[in-house]
Amino acid sequence: MIKLNGVELVFKTFPNGETLVDGDAITALIAEQNTLAFKYDNDSDLIKLMFVKQYLDNRKVQAGLTIAYMPYSRMDRIEGTSVFTLKYVSGLINSLAFEHVTVLEPHSDVTLALLNNCSARYPTIELLDLVVEATGFDRASDYLFFPDAGAQKRYSKVRGYNELVGFKARNFQTGEIERLDVVGQVASVGFKAIIVDDLCSYGGTFMRSAEKLKGLGAAEIYLLVGHCEPSIHKGKLLESPLVDKVFTTNTMLNEAGHEKIKLFEWGEV
């Protein structure tokens, strides 16, 4: 999905799969200051983004870019035989020469390093106060839980909370988490915990995290993530009694689809 100045652009497709771009529709939306909002659904969206930006270039119109979810952001290193695809996608976006780029909840600092003129917004941090209020979270006796060191670093600017941190060992061949340890002490049982991270796929990491937190005496467990893939509905997390509610944005999900999910509009957080 691509929006120009808040209006979604509609694309048609030729019978052979090629994309038809309506230049007049784009021209009608051009303003003095222009921003493209990019929500990745599949790789064809990258081609559409290229078409729109180059059309604007031909009309000598400058624009900034806001990326709801940076595609391939988990491929931010070389592991075994995997390809560093984040670098290549970033190269494509850089070649389009946007005035500035804003990424919502980047998976790591690698995204910010690879993209030119780039800054980040973190919906998890922006939504944290709302989640605290909705869950009755008590900063004095309850805990934020960061599932790994990456999450702890990503949200290091969050202050004034009791924190627990997970350290996990993952098998990169299978993708399975082989071990998850928790660092930190709890004062007493019966506490609430909010798990904070950037992305939920099937929810396996958070299931393991919730099991550990229950073992430490957590009475209620909530999940706050910036991005949530539709695959969450194929995992066991939503049907599990371990996690009471999931708070996320529609950067990837188009609708909640389950009573346990509270969905926020990413353009409004």
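Whatever comes next refers back to the structure up there.
All values derive from a computational prediction rather than experimental measurement. (Residues numbered from 1 in each chain as written. Predicted model: local features only at pLDDT ≥ 70, side-chain atom pairs only at ≥ 80, totals over all residues. Heavy atoms only, no water.)

Draft legend 1. View of the pattern of salt bridges. The tally for this structure, following the rule as stated, stands at eight salt bridges. One salt bridge in this structure joins K153 and D109, with 3.6 Å as the shortest N-O distance. Of this pair, K153 sits in helix α6 (residues 149-154) while D109 sits in helix α4 (residues 109-114), and the two are 44 residues apart along the sequence. Owing to a relative accessible area of 57%, K153 belongs among the exposed residues under this scheme. With relative accessibility at 44%, the residue D109 sits in the partly exposed group. R139 is the partner of D129 in a salt bridge, and the nearest nitrogen-oxygen pair spans 3.5 Å. In this pair, D129 is assigned in helix α5 (residues 123-135) and R139 in the loop between α5 and β9 (143-146), connecting sequence segments 10 residues apart. (Salt bridge = Lys/Arg side-chain N within 4 Å of Asp/Glu carboxyl O. Helix = DSSP H or I, 4+ residues; strand = E, 2+ residues; numbered from the N terminus. Buried < 20%, exposed > 50% of the residue type's maximum accessible area, 1.4 Å probe, protein only.)

Draft legend 2. Highlighting helix α3 (residues 85-95). By the burial criterion, the buried members of α3 are L86, V89, S90 and I93. Angular distribution of buried residues about the axis of α3 spans 100°; they occupy a single face of the element. The exposed set on the far side of α3, more than 90 degrees from its buried face, consists of Y88 and S95. The inward-facing, buried residues of α3 contact α2 (44-58), β6 (64-67) and α4. Looking at the residues trailing α3, positive phi occurs at A97, about 55°. (Arc of directions from axis to C-beta. Contact = heavy atoms within 4.5 Å.)

Draft legend 3. Representation of unusual backbone geometry within the structure. A positive phi is found at N5, a non-glycine position, where the angle reads about 55°. Among the secondary structure elements, N5 is positioned in the loop between β1 (2-4) and β2 (7-8). Assessed through its relative accessible area of 29%, N5 is described here as partly exposed. Positive phi values are uncommon outside glycine, yet A97 reaches one of about 55°. Within the element layout of this structure, A97 appears in the loop between α3 and β7 (101-104).

Draft legend 4. Looking closely at the side chain of H227. Looking at the secondary structure, you find H227 in strand β13 (residues 218-228). Within the structure, H227 has its side chain in polar contact with the backbone oxygen of L104 (distance 3.1 Å). Dropping the residues within four chain positions of it, H227 is found in contact with A68, Y69, L104, E105, D198, L199, C200, T248, T251 and M252. (Polar contact = N/O pair within 3.5 Å; in protein donor to acceptor, adjacent residues only side chain to side chain.)

Draft legend 5. View of the pairing of strand β8 (residues 118-121). Here four bridges tie β7 to β8, and the two strands are oriented parallel to one another. In the sheet register, T102 faces β8, and the bridge partner there is S119. Handedness of the crossover joining β7 and β8 through α4: right-handed. (Pairing = 2+ DSSP bridges. Right-handed = clockwise from strand over helix to strand, strands pointing away.)

Draft legend 6. A look at the pairing of strand β14 (residues 245-249). Across the five residues of β14, four count as buried, placing the element largely inside the fold. Bridging between β13 and β14 involves three bridges; their strand directions are parallel. Of the residues in β14, the one forming a bridge with L224 is F247.

Draft legend 7. Structural context of the environment of V101. Its location among the elements puts V101 in strand β7. Ignoring any residue separated from it by four or fewer positions in sequence, one finds V101 in contact with L65, I67, L115, N116, N117, C118 and S119.

Draft legend 8. Here's a closer look at the packing of aromatic side chains. Using the criterion set out here, one finds six aromatic pairs in the structure. Centre to centre, the rings of Y40 and Y72 are 6.4 Å apart; their planes meet at 65°, and the pair counts as edge-to-face. Taken together, the positions of Y40 in the loop between β5 (35-38) and α2 and Y72 in the loop between β6 and α3 put the pair 32 residues apart, joining distant regions of the chain. With a relative accessible area of 28%, Y72 lands in the partly exposed category. For the pair F137 and Y161, a centre-to-centre distance of 5.9 Å together with 55° between the ring planes defines the contact as tilted. Residue F137 is found in the loop between α5 and β9, and its partner Y161 is found in the loop between α6 and β10 (162-170); the two are separated by 24 residues along the sequence. Exposure remark for Y161: the relative accessible area of 12% places this residue in the buried category. An aromatic cluster is present here, built from Y122, F146 and Y155 joined pairwise through their rings. The positively charged end of K53 is found above the aromatic ring belonging to F98, 5.2 Å away from the centroid. (Phe/Tyr/Trp six-rings, centres within 6.5 Å; stacked < 30°, edge-to-face > 60°. Lys NZ or Arg CZ within 6 Å of the ring centre and 35° of its normal.)

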